[in-house]
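Coordinate analysis (summary)
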Amino acid sequence: MTAPPKSFHVKSFGCQMNVYDGERMGELMAAQGLVPVGADAAELVILNTCHIRERATEKVYSDIGRLRKAAGKQGRRPMIAVAGCVAQAEGEEIVRRAKVDVVVGPQSYHNLPGLVARAAAGGAAVDTDMPLASKFGALPARRKVGPSAFLTVQEGCDKFCTYCVVPYTRGAEVSRPWRQVMDEARSLVDAGAREITLLGQNVNAWTGEDEAGRVRGLDGLIRALDRLPGLARIRYTTSHPNDMTQGLIDAHRDVEKLMPFLHLPVQAGSDRVLRAMNRSHDRSSYLRLLDRVRAVRPDIALSGDFIVGFPGETEAEFAETLSLVNTVGYAQAFSFKYSPRPGTPAAAMVDQVAPEAMDERLQLLQAALNRDQHAFNLGTVGQVCDVLVERRGKLPGQMLGKSPWLQSVHLLTSAGVGDLVEVALTAAGPNSLTGGPPNSLGALAAE
Ligand code: SAH
Ligand code: SF4
Ligand code: F3S
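Presented here is an overview of the structure given in this document. (Residues numbered from 1 in each chain as written. Chains lettered and ligands numbered in written order. Predicted model: local features only at pLDDT ≥ 70, side-chain atom pairs only at ≥ 80, totals over all residues. Heavy atoms only, no water.)

**Here we look at helix α1 (residues 16-31)**
- Here α1 spans 23 Å end to end across 16 residues, near enough to the 22 Å set by a 1.5 Å rise per residue.
- Of all the positions in α1, only M17, N18, Y20, D21, G22, R24, M25, G26, E27, L28 and M29 are classed as buried.
- Following α1 by one or two positions, G33 adopts a phi angle in the positive range, close to 95°. (Helix = DSSP H or I, 4+ residues; strand = E, 2+ residues; numbered from the N terminus. Expected span 1.5 Å × (residues − 1). Buried < 20%, exposed > 50% of the residue type's maximum accessible area, 1.4 Å probe, protein only.)

**Points about helix α2 (residues 54-73)**
- Helix length check: α2 (20 residues) gives 30 Å between terminal C-alpha atoms against 28 Å at 1.5 Å per residue, within 8%.
- Of all the residues in α2, the buried ones are T57, V60, Y61, D63, I64, L67 and A71. Buried residues of α2 fall within an arc of 150° about the axis and therefore sit on the same side. In α2, the exposed residues that point more than 90 degrees away from the buried face are R55, R66, K69 and K73. (Arc of directions from axis to C-beta.)

**Remarks on the packing of α1 against helix α5 (residues 112-121)**
- At their nearest, the axes of α1 and α5 sit 10 Å apart, and the two run at 65° to each other. Residue-level inspection shows M25, L28 and M29 of α1 in contact with α5, the latter providing L112, P113 and V116.
- Its residues assigned to classes, the contact of α1 with α5 comprises six nonpolar, no polar and no charged. (Axes fitted to C-alpha atoms, helices over the stretch in contact; angles between N-to-C directions. Contact = heavy atoms within 4.5 Å. Nonpolar A, V, L, I, M, F, W, Y, C, P; charged D, E, K, R; others polar.)

**Some details on the site of ligand 2**
- With respect to spatial proximity, the complete set of residues near ligand 2 consists of C157, K159, F160, C161, Y163, C164, V166, P167, N202, H240 and R279.
- Its residues assigned to classes, the shell around ligand 2 shows seven nonpolar, two polar and two charged. (Near = heavy atom within 4 Å.)

**Here we look at the environment of T321**
- Within the element layout of this structure, T321 appears in helix α12 (residues 315-328).
- A relative accessible area of 1% means that T321 is categorised as buried.
- The sequence separation of T321 and V165 amounts to 156 residues, and the corresponding C-alpha distance is 23 Å.

Right, dumping it as structure tokens:
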């Protein structure tokens, strides 16, 4: 028996959906009367974990060790709850290996208060169920959020790419009902959001019935959110190439609040590798899709995910990834070395690529992606656009915000957090831009 914790801290790893879940867990614990504090003072630490690559998983165990040691020096023993995808994948094993108090999966974290109470009463509490009833109904309403908020509308994945754990840790594809999404969007705007990013492992697979009972896709949801008073910007991520409908493409032409940005992972440029990955799109269908998006929205910023060193990937096949990157000209991207994950088909493939080859390929790929990101940023210099101010910068009077193309923009302004300001983009680096008042462009032209 230990006293029930009175304070908590949530630390989220991994994707934006985990960030969203972490926020909801925080709101849930706060609604129970627990006070949010720093990790070094919390009586309950919730580690909201990611299982996507081996290093992400191992980080959980080193984090638990570090937390225990630091608390031990202060004579404390905080309760530790492991949530998220490692919890789902490893379950009881985490209790055996790291003696944590609570293990809770991504589909059952609404049960956290009960699990914490059980753990306080003695013994470990584990819940990795994937109940049919959604957890969302059991969560408290949104109260206070920043200007840019996440809203999970779709969960899970039915695609089973051969390298990926997500279908196992998050379960099958499920869409949240229309009403629930619209209600949460409204409460996010009331709580301070100007921008909402709709989230899902395959967000563009979202489907549901609108208020009139018509079956709609993600584009229908976006068109309805467009009419939500107070909301200024809409984004969505992550999309799968096969779920990219013409309706959604057209929304990029018609919906002013929908920002010109599309994260559309491709993973590799070789058709043989894409087949072995079970991606169910090929190089040319992906490129044709991007052409269709660019036809309706020529300025769209494209983003992608890449894996180098998938089992059996040859130098020539990797060169096809580089050539795809050169063809597309991404505005930003994430790239990873392939990491074998237990239980996935690719982990059992015989021709794993040597680590040195993976290092070299990742370096080459990242050099190309960085070059393109810088070029994209430079290409927007001279434009006047709205920037959503998200936080203070390091210098006095400096604020940091986002352009429509999701670039970070530094600006000197009297505007506050949450304001949309008209800004001229005056200079660009590889990772961010500088903005000034709209009339500063004349000075730029005279330079
Ligand atoms: N649902 C999204 C993203 C899933 S995870 C999609 O399908 O695109 C985010 C990214 O992690 C993936 O796009 C992929 O690039 C990477 N990833 C997934 N499994 C991986 C593995 N075993 N090794 C390395 N990278 C991986
Ligand atoms: Fe993983 Fe593929 Fe599903 Fe994306 S589409 S979550 S990479 S299995
Ligand atoms: Fe990681 Fe789970 Fe997201 S494995 S990337 S936290 S869906």
